[in-house]
Amino acid sequence: MAVSTSVPELGSFVAGEWRSGTRHADDTNPARPSEVVAQYALADADLALQAIASASTAFPMWRGTPAPARGELLRKAAALIDERAEAIGRDLTREEGKTLGEGIRETQLAANIFRYYAVQALDPDGDTYPSAKANVFLYTRREPLGVVTVITPWNFPICIAAWKIAPAIAFGNTVVWKPAELVPLTAAHLLRALVDAGLPQGVVNLVLGKGSEVGEVITTHPDVAGISFTGSNAVGRALQAKAAAKAKRVQLELGGKNPAIVLADADLDLAADQVARGAFLAAGQKCTATSRVIVEQAVIAPLMERLSAIANTWKVGDPLAADTIIGPVVSEAQLTTVLGFLDRARSEGARVVAGGARGTGDLADGYFVKPTVLSGVKATDTVFREEIFGPVAAVVVADSFDQAIAMANDTRYGLSASIFTRDLGRAMRFADQIRAGVVKVNAETAGIEYHVPFGGMKESSSGSREQGKAAREFFTESKTVYINIP
Ligand code: NAD
């Protein structure tokens, strides 16, 4: 990564080299859009082809590298990411807008993920079976897929990349990685840590390009064996259709419309705090963010009072400032989308109890949205059905526990869901009946641990799981071997 006077100039990393280019794009700060955080050279389809060729060339070497040596690379990368966490987290905040604390913690999480897969590389990679024949040694082993394309969104720019790239390379695959256009600086930091840890040429290739320009090549090329994608449903499903036609293995983790149910017996202080965290932190831009709040009638008034009080007091501001709790949304387009949802909510009859507008005064230049609580929402309203990706909690009233579960399940999404109650029986029934890949009791819908499987149900996912031991399932395939010993 070449560094100019003040603004870093970034490029793709292909076949072991940083690449410059002739077309450039600006990476700007959503808190102060006139501030250019970095500039980067846009990759084109030809560079994407070179990245695939580089990953293909490196694959036999990397597949043949003993697993402990692969693990050692991951361990060194983890140490470097940890060492640089403050600087990486700061740049992450400057280009994405989450608070500095969130940026640094996300970076440290990425380091933990690399450390975890360094160890996973040494786990058993097959089973032995008794054979029907006395002289046959029968076993299975898992092998890497080959070249894997990794496509990541902007909202967790380092940890989602880590939870795909770390297992991919730990298990012997080589990677072509296309991060979201809004976060090239964080991507360059991650690549640099891998390079400084001793990444062999071609094992990970970074393509900084637009989906519309490089997406087709990196998802349909004959040498790409698998695609791990996190992002929107529209892009993910279109990509899946094309890749499936070419018999590629595809993993999708997509959007959510995550419910939190608050029952009448809940600890309301806890419920309000956790709902607010799930709905407002990271400006609501988490796939697991709480978006629908379903509250039993008996506690609607005290819950709304608590939630609105939090929305009105949590500080919205410069994400680098120590006292800021909520930063801006990531881009002007995202700001327009969120404000559009709020207009639609009002026109469909919702009442704004807190927030409901973009930031003013000092915040007027950035893409800030005040944390928003909506009441009077109907289960048929757009704001209750579609993913918003902004700091907005839409509240509806449920007449009973059963109705609350039915409302929670009445969505095409199924990523995460919470319930707040002191009744263990109801908590267990909720865990059983809710159609979501991540279920929480008395905790926010967001926030996951890296050593357990993660993924959604219904349209939120392609059905496979990421993270923990589940990652090996996607990034390797099974071979069954019969050895006849004459
Ligand atoms: P997006 O779908 O716009 O972009 C995701 C990635 O796809 C980016 O790298 C983008 O450049 C790339 N892309 C765009 N067009 C492409 C094409 N034609 N071919 C190949 N790649 C293409 O999503 P986003 O706005 O970056 O992220 C927000 C979305 O991601 C939300 O819907 C959110 O719920 C979802 N998300 C899901 C999870 C999860 O684990 N389920 C986690 C984080 C975010």
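As the structure is a prediction and not an experimental result, all values here were calculated from the model. (Residues numbered from 1 in each chain as written. Predicted model: local features only at pLDDT ≥ 70, side-chain atom pairs only at ≥ 80, totals over all residues. Heavy atoms only, no water.)

Novice: Could you clarify how one ought to interpret the site of the ligand in this entry?
Specialist: Near the ligand there are 26 residues, and of these Lys178, Glu181, Ser232, Leu254 and Glu387 occur at the shortest range. Between an oxygen atom of the ligand and a main-chain N or O atom of Ala180, the distance comes to 3.4 Å. Glu181 is positioned with one of its side-chain polar atoms (N or O) 2.7 Å from an oxygen atom of the ligand. A total of 850 Å² of accessible area belongs to the ligand in isolation, and the protein chains cover 85% of it. Sorting the residues of the shell around the ligand by element identifies helix 7 (211-220), strand 11 (224-230) and helix 8 (233-245) as the ones contributing at least two each. (Near = heavy atom within 4 Å. Polar contact = N/O pair within 3.5 Å; in protein donor to acceptor, adjacent residues only side chain to side chain. Areas by Shrake-Rupley, 256 points an atom, 1.4 Å probe, with all protein chains shown as cover. Helix = DSSP H or I, 4+ residues; strand = E, 2+ residues; numbered from the N terminus.)

Novice: Please explain the sheet that holds strand 13 (residues 258-262) as it appears in this structure.
Specialist: Adjacent strands of a sheet form backbone hydrogen bonds with each other and so pair up, either parallel or antiparallel. An order of 15-16-17-14-13-18-19 is seen for the seven strands of this open sheet, with the pairing classed as mixed. Of all strands in the sheet, those bounded by a partner on one side alone are strand 15 (351-354) and strand 19 (438-441). Each strand axis lies, on average, 25 degrees off the axis of its neighbour in the sheet, ignoring direction. Both strand 15 and strand 16 (residues 372-375) contribute to a ladder of three bridges, which runs antiparallel. Across the sheet, Arg351 pairs through a bridge with Ser375, a residue of strand 16. (Pairing = 2+ DSSP bridges. Axes fitted to C-alpha atoms, helices over the stretch in contact; angles between N-to-C directions.)

Novice: What is the right way to read the sheet that holds strand 6 (residues 126-129) from this model?
Specialist: Taken in spatial order, the three strands line up as 6-7-20 in an open sheet, and their pairing is antiparallel. Sheet topology places strand 6 and strand 20 (476-484) at the edges, where each strand pairs with a single neighbour. Across this sheet, the average inter-strand angle for adjacent strands is 15 degrees, counted without regard to direction. As defined by bridge partners, strand 6 adjoins strand 7 (residues 136-144) across four bridges and the pair is classed as antiparallel. Bridged to Tyr129 within strand 7 is Leu138.

Novice: Explain the packing of aromatic side chains here, please?
Specialist: Within a pair of aromatic rings, the relevant descriptors are the distance that separates the centres and the angle that separates the planes. In this structure the tally under the stated criterion is nine aromatic pairs. Ring centres of Tyr117 and Phe171 lie 6.3 Å apart, and the angle between their planes is 90 degrees; on these two criteria the pair is classed as edge-to-face. With Tyr117 in helix 4 (residues 100-120) and Phe171 in the loop between helix 5 (159-170) and strand 9 (174-178), this residue pair connects regions lying 54 residues apart in the sequence. The exposure class of Phe171 is buried, given its relative accessible area of 5%. Between Trp163 and Phe454, the aromatic rings sit 5.7 Å apart at their centres with planes inclined by 70 degrees, giving edge-to-face as the arrangement. Here Phe454 lies in the loop between strand 19 and helix 15 (470-475) and Trp163 lies in helix 5, a separation of 291 residues in the sequence. With respect to burial, Trp163 and Phe454 carry one shared label: buried. Joined through ring pairs, the aromatic side chains of Tyr116, Tyr117, Phe171 and Tyr450 make up one cluster. Positioned over the ring face of Phe384 is Arg292, at 5.3 Å from the centre of the ring. (Phe/Tyr/Trp six-rings, centres within 6.5 Å; stacked < 30°, edge-to-face > 60°. Buried < 20%, exposed > 50% of the residue type's maximum accessible area, 1.4 Å probe, protein only. Lys NZ or Arg CZ within 6 Å of the ring centre and 35° of its normal.)

Novice: Hey, could you run me through the pairing of strand 8 (residues 147-151) in this one?
Specialist: The side chains of a regular strand alternate between the sheet's two faces. Strand 8 sits mainly inside the fold: five of its five residues count as buried. Along strand 8, one buried face is formed by Val147, Thr149 and Ile151 and the opposite face, lined by Val148 and Val150, is buried too. With respect to chirality, the unit in which strand 8 leads through helix 5 into the neighbouring parallel strand 9 is right-handed. As paired elements, strand 8 and strand 11 share five bridges and run parallel to each other. Of the residues in strand 11, the one forming a bridge with Val148 is Gly226. (Right-handed = clockwise from strand over helix to strand, strands pointing away.)

Novice: Could you clarify how one ought to interpret the environment of Ala311 in this entry?
Specialist: Tracing the sequence through the fold places Ala311 in helix 10 (residues 300-313). It is 5.3 Å that separates the C-alpha atoms of Ala311 and Pro371, two residues lying 60 residues apart in sequence. Not counting the four nearest positions on each side in its chain, Ala311 is found in contact with Phe280, Ala354, Pro371 and Val373. (Contact = heavy atoms within 4.5 Å.)

Novice: Looking at this structure, how should I read the packing of helix 13 (residues 401-409) against helix 14 (residues 424-433)?
Specialist: Two numbers describe a pair of packed helices, the interaxial angle and the distance between the axes. Between helix 13 and helix 14, the shortest axis-to-axis distance is 11 Å and the interhelical angle comes to 30 degrees. One way to sum up the angle between helix 13 and helix 14 is to call them roughly parallel. As helix 13 packs across helix 14, the resulting crossing turns out to be right-handed. Facing Phe401, Asp402, Ile405 and Asn409 of helix 13, the residues of helix 14 in contact are Arg426, Arg429, Phe430 and Gln433. Residues belonging to the contact of helix 13 with helix 14 are distributed by class as follows: three nonpolar, two polar and three charged. (Parallel < 35°, antiparallel > 145°, perpendicular 65-115°, else oblique. Left-handed = near helix turned anticlockwise from the far one by under 90°. Nonpolar A, V, L, I, M, F, W, Y, C, P; charged D, E, K, R; others polar.)

Novice: Please clarify how helix 6 (residues 184-196) should be interpreted in this entry.
Specialist: Because each turn of an α-helix spans 3.6 residues, side chains separated by three or four positions in sequence point in the same direction. Its 13 residues place the ends of helix 6 18 Å apart at the C-alpha level, agreeing with the 18 Å of an ideal helix rising 1.5 Å per residue. Three or more residues of helix 6 are buried, namely Pro184, Leu185, Thr186, Ala187, Ala188, His189, Leu190, Leu191, Ala193 and Leu194. Downstream of helix 6 by one or two residues, Gly198 has phi in the positive range, about 105 degrees. (Expected span 1.5 Å × (residues − 1).)

From the geometry alone we can't say anything about function, so treat these as descriptive.
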